[in-house]
Structure formats: structure tokens, C-alpha cells
Amino acid sequence: MSYEKIIAQNREWIEETFNKLDKKLSVTAVKSRDKIPYTTKDGVHDDRSKNPDGWTNGFWGGLMWLMYEATGNEEYKKTAQRSEEIEDKAFENVEKLHHDVGFMWHILAGANYRLTGNTEARNKNLFCAMSLMSRYNVEGDYIRSWNSWSKDDNTTGWTIIDCMMNIPILYWASNEIGDTRFKKIAMRYADMAMRDHVRPDGSVNHIVVHDTENPGVVIETLGGQGYGVGSCWSRGDAWALYGFVLSYIHTKEERYLDTAKKVAQYFVMNAESTGWLPLLDFRAPEEPVYYDSTAGAIAACGLIEIAKNCPEHEKNIYLSAAINMLKTMEKAWCNWSETEDSILQMGSERYGSGMHMPIIYGDYFFAEAILKLRGSKFLPW
Ligand code: GLY
């Protein structure tokens, strides 16, 4: 079935869900204007504005830009601009910036610039791209992910699959200033992730520890936020799924689309086996059962982009999987009541802690997926 036909069959649900998003978010946009929300406490958004280097801090403003683009409602724009103003504090301590500048700034200042032409926002986004590029280790041939948390940690050789979502800021910078160094380093990262993070069956290693001096030498892999070494943290799989199709969109290199499809097939097979509600880890013991709605929302975004970019006869597999997952999660896990500030429930930070709670990026990616289904041409990444 064609892409358009599947969308037409689901049009009523897509529009209904978009209207629910707009109804609820137009209220919280005003109510939480001066906050950087992460989760909710007793139904009310918390506020992370005192921690300006938090990796999730761009999602609230990013969500506001998505809704502004879709509706033209100035209240969304005001909250997005306020969010960026609060986040500017992160630049007071630049050595604390880490690889997540893409998550934090590209969907915030980067979206601001792309939607309004604001040149101050453009400069901030360029600065973040330069900061990410400066994390490239020329000896080991990878972009370092996290900073060390204390003087006893050594994370200099670490990469995490999540960074596939940070490298789009490098593709953007490359085009923006006509300097292909940014794109080339992004592609080196994607090639490394294809080789060292993605396993032959489409599952992924969350953390890879590299030899810092010798390219292509993996010292070990770590379980990270999943169940353990060798398991498959579903959000990591979703970051890979969406991240590789984004690398394809920005480079047109088929190997990235092929990798996105391989990861997608693994994700979809697992999500379908649990009734389209994705587990927190696809290779954890059967009991206890832990879910992660954020993985489903991120994966849905990637699946829709794969469907848009693959040959006609394959589109159905990816688009229908995205819609099945979004519809099932909407019914089971979305809270549309205005007494609760968050929307998508049942997100999980990591295996063993912070499980089954609303997390801001769950709402962000759920909304991004619905807007894609409505036909938005704005790609924030
Ligand atoms: N990037 C960290 C996470 O997905 O939790």
C-alpha cells in the first residue's frame, strides 16, 4: 500500500491526536514558560533550569518550536525563546559542554534559526557544532561522548550510540558555512557506530570503549543504561534507528539507510512481540517486565523517515509499524488530562532506576512523530 494511502486510512486518528496535543500543550506552554521540565511531580512539571548542562534541557523548547511550526501560535514561540534564554547559562561554563550539544541546542537554537532566521541563535548553534567537533579524537578516530564525572573516572575512550542523534548538528554546520570538515567527522562517527555499536542482528551496544591511540580497536563494550553487557537497551536501539536514517538523509550514503533498516527490523520484531509496547531492554530476563515509551516514540520518528526514504514496495512495513506503535502507546500510555502536565507516561531512564515515569523527551518525540504523520516538512535534526 502506498505511503499516502496508509496516511489517509489513519488521517482521523492523526488529526484527533494532533488536536489533543495542541489543546494540552497550549496550556502547559504558558504554565511552564519559565521552567526547563524533565518530568512531573504530583502532575506538575519539575524545573531543571538550575542545571543548565543537562542533556535533556533542549527538549521542552524544541517541543515548543515543533508546535509553533505546526500552528503558528505565538505562545509556543514565546516559551521556546524563553527556554533558550534560560539555557544560555550553559555557556557560562563551556568546559562542561559534552557531546549532547546536539540534543540540547540543535532542536532549540538550531530550530529557532531555521524557523525565524535569528542570527544570534545561528551563532550559538555553530559554536555547539564546533564544540562537538573538538571532541574528535584523531588518534582513536571517534568523537568522545561523556566527560568524566570525577577525577577517578576515565571516559576518554567512550562512545555511546546516542551520539548518532548529536551528529546532525555537524551536517547542518557543514552546509551552513560550506565547510565539509564537519560532515566528514560526522560520517567517521557514523561509520564507527556501524562497525562497533551495531551488532549483526540489528541490536546495539550502548557503550563502546575504544583504544584512544589506535583507530578501530575496541577494548570492551558496556551495558550502559540497559540490562547489562550484551543486552539491547531499547532506547539505544531507537537512537541508532533514527540516527542512521538521519545520516542517510544528510549524506545520501545508502549504507546508512541499510543500517537504519537493519536496526528497525530488530526493533519492530521486538516491539510487535509485546503488543507494540516496547520493553526497556530487548535482551533482559522476561521478568520483571519493564517498558520504555520513549524508545517507542523515538523509533516511530525513525520508522516514518525510513518509510519516506525507501522504495515504494517497502514503505508499508516501516510506516505501519510506526503507526501501530504510536496508536497503541497513545491508547495505553498518553495522559490527556490537563491536571497532569506531561503526556506520554511509562518512560524509563535506565534499567533499574527511574522507570515507568513521564520524561520530557517522550513527549517531544511523540509530538514529532505525529507532526511527521500530518505531513510537516520541518526536520529538526
Ligand atoms: N542519552 C541518554 C539517554 O538516552 O538516556
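That block above? That's the structure.
Residues numbered from 1 in each chain as written. Predicted model: local features only at pLDDT ≥ 70, side-chain atom pairs only at ≥ 80, totals over all residues. Heavy atoms only, no water.

Trainee: Help me understand the overall build of the protein in this model?
Mentor: Looking only at helices and strands, one finds 13 helices and seven strands in the protein. Over its C-alpha trace the protein gives a radius of gyration of 19 Å, about what one expects of a compact globule, namely 21 Å for 381 residues. With respect to the principal axes defined by its C-alpha atoms, the protein has extents near 55 × 45 × 40 Å. When the 381 residues of the protein are sorted by exposure, 60% land in the buried category. The contacts of the protein with a sequence gap of at least 6 include a subset with a gap of at least 24, amounting to 69%. For the protein, the accessible surface area stands at approximately 14600 Å², while carbon and sulfur atoms represent 49% of it. When the 42 basic and 53 acidic side-chain charges of the protein are each reduced to a single mean position, those positions are 3 Å apart. (Helix = DSSP H or I, 4+ residues; strand = E, 2+ residues; numbered from the N terminus. Rg over C-alpha atoms; globule rule 2.2 N^0.38 Å. Buried < 20%, exposed > 50% of the residue type's maximum accessible area, 1.4 Å probe, protein only. Contact = heavy atoms within 4.5 Å. Areas by Shrake-Rupley, 256 points an atom, 1.4 Å probe, with all protein chains shown as cover. Lys, Arg positive; Asp, Glu negative; His and termini not counted. Charge placed at Lys NZ, Arg CZ, Asp CG, Glu CD.)

Trainee: Mind showing me how you'd approach the nonpolar core here?
Mentor: One recurring pattern in soluble globular proteins: nonpolar side chains tend to sit buried together. Core analysis: the largest hydrophobic core is formed by 121 residues, its most contacted members being I167, L170, F365 and W381. Sequence-distant contacts of I167, defined by excluding residues within four places in its chain, comprise L132, I143, A186, Y189, A190 and S247. W146, W158, I207 and V209 belong to the second largest nonpolar core, which has five residues in total. (Core = buried A, V, L, I, M, F, W, Y, C linked by side-chain atoms within 4.5 Å.)

Trainee: Sorry if this is basic, but what is going on with the packing of helix α9 (residues 234–251) against helix α13 (residues 360–374) here?
Mentor: How two helices sit against one another is set out by the angle between their axes and by the gap between those axes. Between α9 and α13, the shortest axis-to-axis distance is 14 Å and the interhelical angle comes to 35 degrees. Two packed elements cross with a definite hand, and for α9 against α13 that hand is left-handed. When α9 is examined against α13, the residues R235, W239 and Y242 are found in contact with a partner set consisting of Y361, F365, E368 and K372. Within the contact of α9 with α13, the residues separate by chemical class into four nonpolar, no polar and three charged. (Axes fitted to C-alpha atoms, helices over the stretch in contact; angles between N-to-C directions. Left-handed = near helix turned anticlockwise from the far one by under 90°. Nonpolar A, V, L, I, M, F, W, Y, C, P; charged D, E, K, R; others polar.)

Trainee: Could you clarify how one ought to interpret the site of the ligand in this entry?
Mentor: W55, D162, Q225, W233, R235, W239 and Y361 make up every residue found near the ligand. Within the side chain of D162, an N or O atom sits 2.6 Å from a nitrogen atom of the ligand. Residue R235 places a side-chain N or O atom 2.6 Å away from an oxygen atom belonging to the ligand. The protein chains hide 95% of the 200 Å² of surface that the ligand would expose on its own. A per-class count over the shell around the ligand returns four nonpolar, one polar and two charged. (Near = heavy atom within 4 Å. Polar contact = N/O pair within 3.5 Å; in protein donor to acceptor, adjacent residues only side chain to side chain.)

Trainee: Explain the pairing of strand β6 (residues 207–210) to me, please; I cannot follow it from the model alone.
Mentor: Remark: a regular strand shows side chains that alternate across the two faces of the sheet. With burial as the criterion, each face of β6 is covered, one bearing I207 and V209 and the other bearing V208 and H210. Alignment of β6 against strand β7 (residues 218–222), held across four bridges, turns out to be antiparallel. Looking at the pairing, V208 lines up with T221 of β7. (Pairing = 2+ DSSP bridges.)

Trainee: Is there a simple way to explain the sheet that holds strand β5 (residues 158–160) in this structure?
Mentor: Within a beta sheet, neighbouring strands are joined by backbone hydrogen bonds and run either parallel or antiparallel to one another. Here we have three strands laid out as an open sheet, ordered β5-β6-β7, and antiparallel in their pairing. The open sheet terminates on both sides in strands that have one partner only, identified here as β5 and β7. With direction set aside, neighbouring strand axes in the sheet form an average angle of 25 degrees. Relative to β6, β5 runs antiparallel, the two being bridged by three bridges. In the strand pairing of β6, I160 is matched with I207.

Trainee: What should I look at first to understand α9 in this one?
Mentor: The α-helix advances 3.6 residues per turn, and as a result positions three or four apart in sequence lie on the same side. Compared with an ideal rise of 1.5 Å per residue, which puts 18 residues at 26 Å, α9 spans 26 Å between its outermost C-alpha atoms and is within 8% of the ideal. Of all the 18 residues making up α9, 17 are buried; the element is thus mostly covered by neighbouring parts of the structure. (Expected span 1.5 Å × (residues − 1).)

Trainee: So what exactly am I meant to see when it comes to the packing of aromatic side chains here?
Mentor: How two aromatic rings sit relative to each other is set out by the distance from centre to centre and by the angle between their planes. One pass over the structure, following the stated rule, counts 29 aromatic pairs. On the basis of an interplanar angle of 40 degrees and a centroid distance of 6.3 Å, the ring pair of F244 and Y256 is categorised as tilted. Taken together, the positions of F244 in helix α9 and Y256 in helix α10 (residues 254–273) put the pair 12 residues apart, joining distant regions of the chain. Side by side, F244 and Y256 carry an identical accessibility label, which is buried. Measuring from ring centre to ring centre gives 5.4 Å for Y291 and W333, while their planes differ by 65 degrees; the resulting arrangement is edge-to-face. One end of the pair, Y291, is in the loop between α10 and α11 (293–309); the other, W333, is in helix α12 (residues 312–333), with 42 residues separating them in the sequence. On the basis of relative accessible area, Y291 is assigned to the partly exposed category, the value being 23%. Assessed through its relative accessible area of 8%, W333 is described here as buried. (Phe/Tyr/Trp six-rings, centres within 6.5 Å; stacked < 30°, edge-to-face > 60°.)

Trainee: Just checking my understanding: could you explain the environment of E312 for this structure?
Mentor: Looking at the element boundaries, E312 is found in helix α12. With a relative accessible area of 48%, E312 lands in the partly exposed category. The spatial distance from the C-alpha of E312 to the C-alpha of Y3 is 7.8 Å, given a sequence separation of 309 residues. Those residues in contact with E312, other than ones at most four positions away along the chain, are S2 and Y3.

Trainee: I would appreciate a short explanation of the side chain of S247 in the present structure.
Mentor: Relative to the helices and strands, S247 resides in helix α9. For S247, the side chain forms a polar contact with the side chain of Y171, separated by 2.7 Å. Contacts of S247, omitting those with residues within four sequence positions, involve M164, I167, Y171, A190, K252 and Y256.

Just distances and angles here, no functional claims.
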